[in-house]
Amino acid sequence: VNPQASMEVVKGIYDYLKEAAGMQSQLETWAGICRSKLLATLFYEPSTRTRLSFESAMERLNGGTLGFADPQATSITKGETLADTARMVTNYADLIVVRHNWAGAARVIAQHAHIPVINGGDGSHTHPTQALADLYTIIRRKSKFESRKPSLAFIEGLTVGICGDLQFGRAAHSFALAVARFGGNLIHIAPKPLQMPLWVLAQLEQCHEQIPLEVESITEVIDRLDVIYVNRLQEERLPPNMDAATVRGSYLLNAAVMKHAKPDAMIMHPLPRVNELAYELDDDPRAAYFEQSANAVPVRMALIASLMGLEQLILTQPPERDI
Ligand code: CP
């Protein structure tokens, strides 16, 4: 690990989240900066939030979108490879976002496309732009962009519990790494078969010198948490030798559990939810999960602008509004 390089990455992420905050307060101002640019959305797996928020982000910047949400309607059914698809789409768009059920699919696309590629979720590996929206939501609720600390550890001192399917939940993996990178303290909460995989634990230890406490039930730690991040059981990813019935319904955040939480704790969830997050919490002021999905739009707007090389435009002079 190169600490200097690592700090550059952190600074870059911080700066672009700050751009997102600027965009969110003046969404209309930035309309027009992606005029004549095209975003290709290659969704080989179902999605509601990621695909639609990327499309919303691009169209709010007056860019265009093209792509597919049903791979069965594409030439993949004829045996076309990811590499060839990447080569084709390079000629049709300026930027790609891809979701795929293979870990590493976005990397393969990036190796064969000559335009920027965003990972919109790859198998049970990672979901980096979800983590950016999550981090942004914490900063907006718990910290101020202006109170930037020299170390950039701007969620330092916060205890963040990640609860649920930590083994197969890609959003949980990216979120854990983001929390550690920005100074939060992690507690992993999962039934034994769903605990965090070794590759995430290794990165947390080697890159961030963090060995999270691991517990099996949220009730053990609920009163300590500033942020409670729940995710669903990823039934579609369970290996054939794991019986879903043994873990289904094994964790639940509801009003009874939240009675023991801090009054200013945040409840987060990348969504969709199934039965691990009670609907009765939706009116709890600590619920931040719909805010997370809303925040994904300015965060993805800033990411698109940054990848299109337009960040200087954002930082210096807002473009004229589109009429
Ligand atoms: N959070 C998230 O990735 O949701 P979708 O699967 O609906 O895109």
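Remember, it's a predicted structure, so these values are computed and weren't measured experimentally.

About the criteria used
- Residues numbered from 1 in each chain as written.
- Predicted model: local features only at pLDDT ≥ 70, side-chain atom pairs only at ≥ 80, totals over all residues.
- Heavy atoms only, no water.
- Pairing = 2+ DSSP bridges.
- Helix = DSSP H or I, 4+ residues; strand = E, 2+ residues; numbered from the N terminus.
- Axes fitted to C-alpha atoms, helices over the stretch in contact; angles between N-to-C directions.
- Core = buried A, V, L, I, M, F, W, Y, C linked by side-chain atoms within 4.5 Å.
- Buried < 20%, exposed > 50% of the residue type's maximum accessible area, 1.4 Å probe, protein only.
- Contact = heavy atoms within 4.5 Å.
- Near = heavy atom within 4 Å.
- Polar contact = N/O pair within 3.5 Å; in protein donor to acceptor, adjacent residues only side chain to side chain.
- Parallel < 35°, antiparallel > 145°, perpendicular 65-115°, else oblique.
- Left-handed = near helix turned anticlockwise from the far one by under 90°.
- Nonpolar A, V, L, I, M, F, W, Y, C, P; charged D, E, K, R; others polar.
- pLDDT = per-residue confidence, 0-100.

(A) Local environment of the sheet that holds strand 6 (residues 185–189). Sheet architecture is open: 5 strands sit in the order 7-6-5-8-9, paired in parallel fashion. Pairing within the sheet leaves two strands with one partner each, and these edge strands are strand 7 (213–215) and strand 9 (266–268). Strand after strand, the sheet turns through a mean of 20° between neighbouring axes, direction not considered. The pairing of strand 5 (residues 159–163) with strand 6 spans 5 bridges and is classified as parallel. Looking across to strand 6, one finds that Gly-161 is bridged to Ile-187.

(B) Quick peek at the nonpolar core. If you look at the biggest cluster of nonpolar residues, it comprises 87 residues, and the most contacted ones within it are Leu-17, Ile-228, Leu-253 and Ile-304. With residues up to four places along the chain from it excluded, the contact list for Ile-304 reads Cys-34, Leu-39, Phe-54, Ala-57, Met-58, Leu-61 and Leu-95. Tyr-44, Leu-82, Val-98 and Ile-109 belong to the second largest nonpolar core, which has 15 residues in total.

(C) The arrangement of the sheet that holds strand 3 (residues 95–100) in detail. Strand order in the open sheet made by the 4 strands is 2-1-3-4, with parallel pairing throughout. The sheet terminates laterally at strand 2 (64–68) and strand 4 (117–122), the two strands that pair on one side only. Strand-to-strand twist in this sheet, taken as the mean axis angle between neighbours without regard to direction, amounts to 15°. Both strand 1 (residues 38–43) and strand 2 contribute to a ladder of 5 bridges, which runs parallel. From the neighbouring strand, Leu-39 faces strand 2, where its bridge partner is Thr-65. Where helix 2 (residues 49–60) meets the sheet, its contacts fall on strand 1, strand 2, strand 3 and strand 4, and the angle it forms with strand 1 comes to roughly 175°.

(D) Examining the site of the ligand more closely. Every residue lining the ligand is accounted for by Ser-47, Thr-48, Arg-49, Thr-50, Arg-99, His-127, Gln-130, Pro-270 and Leu-271. Here an oxygen atom of the ligand and a side-chain polar atom of Ser-47 are 2.6 Å apart. Contact between the ligand and Leu-271: a nitrogen atom at 2.9 Å from a main-chain N or O atom of the residue.

(E) Spatial organisation of the packing of helix 5 (residues 128–142) against helix 6 (residues 170–181). Interaxial distance between helix 5 and helix 6 falls to 8 Å at its minimum, and their mutual angle equals 50°. With respect to their mutual orientation, helix 5 and helix 6 come out oblique. Considering only the axes of helix 5 and helix 6, their crossing is right-handed. Residues Pro-128, Gln-130, Ala-131, Asp-134, Leu-135 and Ile-138 of helix 5 form the contact with helix 6, whose own contacting residues are Ala-171, Ser-174, Phe-175 and Ala-178. A breakdown of the residues in the contact of helix 5 with helix 6 according to their chemical character gives 7 nonpolar, 2 polar and 1 charged.

(F) Broad picture of the packing of helix 5 against helix 9 (residues 289–307). Here helix 5 crosses helix 9 at 110°, and the two axes come no closer than 8 Å. The pairing of helix 5 with helix 9 is recorded here as roughly perpendicular in orientation. Considering the relative orientation of helix 5 and helix 9, their crossing is right-handed. Side by side, helix 5 and helix 9 meet where Thr-129, Gln-130, Leu-132, Ala-133, Asp-134, Tyr-136, Thr-137, Arg-140 and Arg-141 of the first sit next to Glu-291, Gln-292, Asn-295, Ala-296, Pro-298, Val-299, Arg-300 and Leu-303 of the second. When the residues that make up the contact of helix 5 with helix 9 are grouped by side-chain class, the tally is 7 nonpolar, 5 polar and 5 charged.

(G) Examining the confidence of the model for the protein more closely. Predicted confidence across the protein gives a mean pLDDT of 90, with 89% of residues reaching 70 or more. Confidence drops under pLDDT 50 across residues 315–323; counting only partners more than four residues distant or on other chains, this segment forms 15 contacts. Across the predicted assembly, pTM comes out at 0.91 and ipTM at 0.99.

(H) The environment of Pro-263, seen in detail. For Pro-263, the location among the structural elements is in the loop between helix 8 (255–258) and strand 9. In this structure, the C-alpha to C-alpha distance between Pro-263 and Asp-226, residues 37 residues apart in sequence, is 9.2 Å.

(I) Quick look at the side chain of His-173. Within the element layout of this structure, His-173 appears in helix 6. For His-173, a relative accessible area of 0% corresponds to the buried category. One polar contact links the side chain of His-173 to the main-chain carbonyl oxygen of Gln-167, over a distance of 3.3 Å. Beyond its immediate stretch of four places on either side in the chain, His-173 contacts Ser-124, His-125, Leu-166, Gln-167, Phe-168, Met-196, Pro-197, Trp-199 and Val-200.

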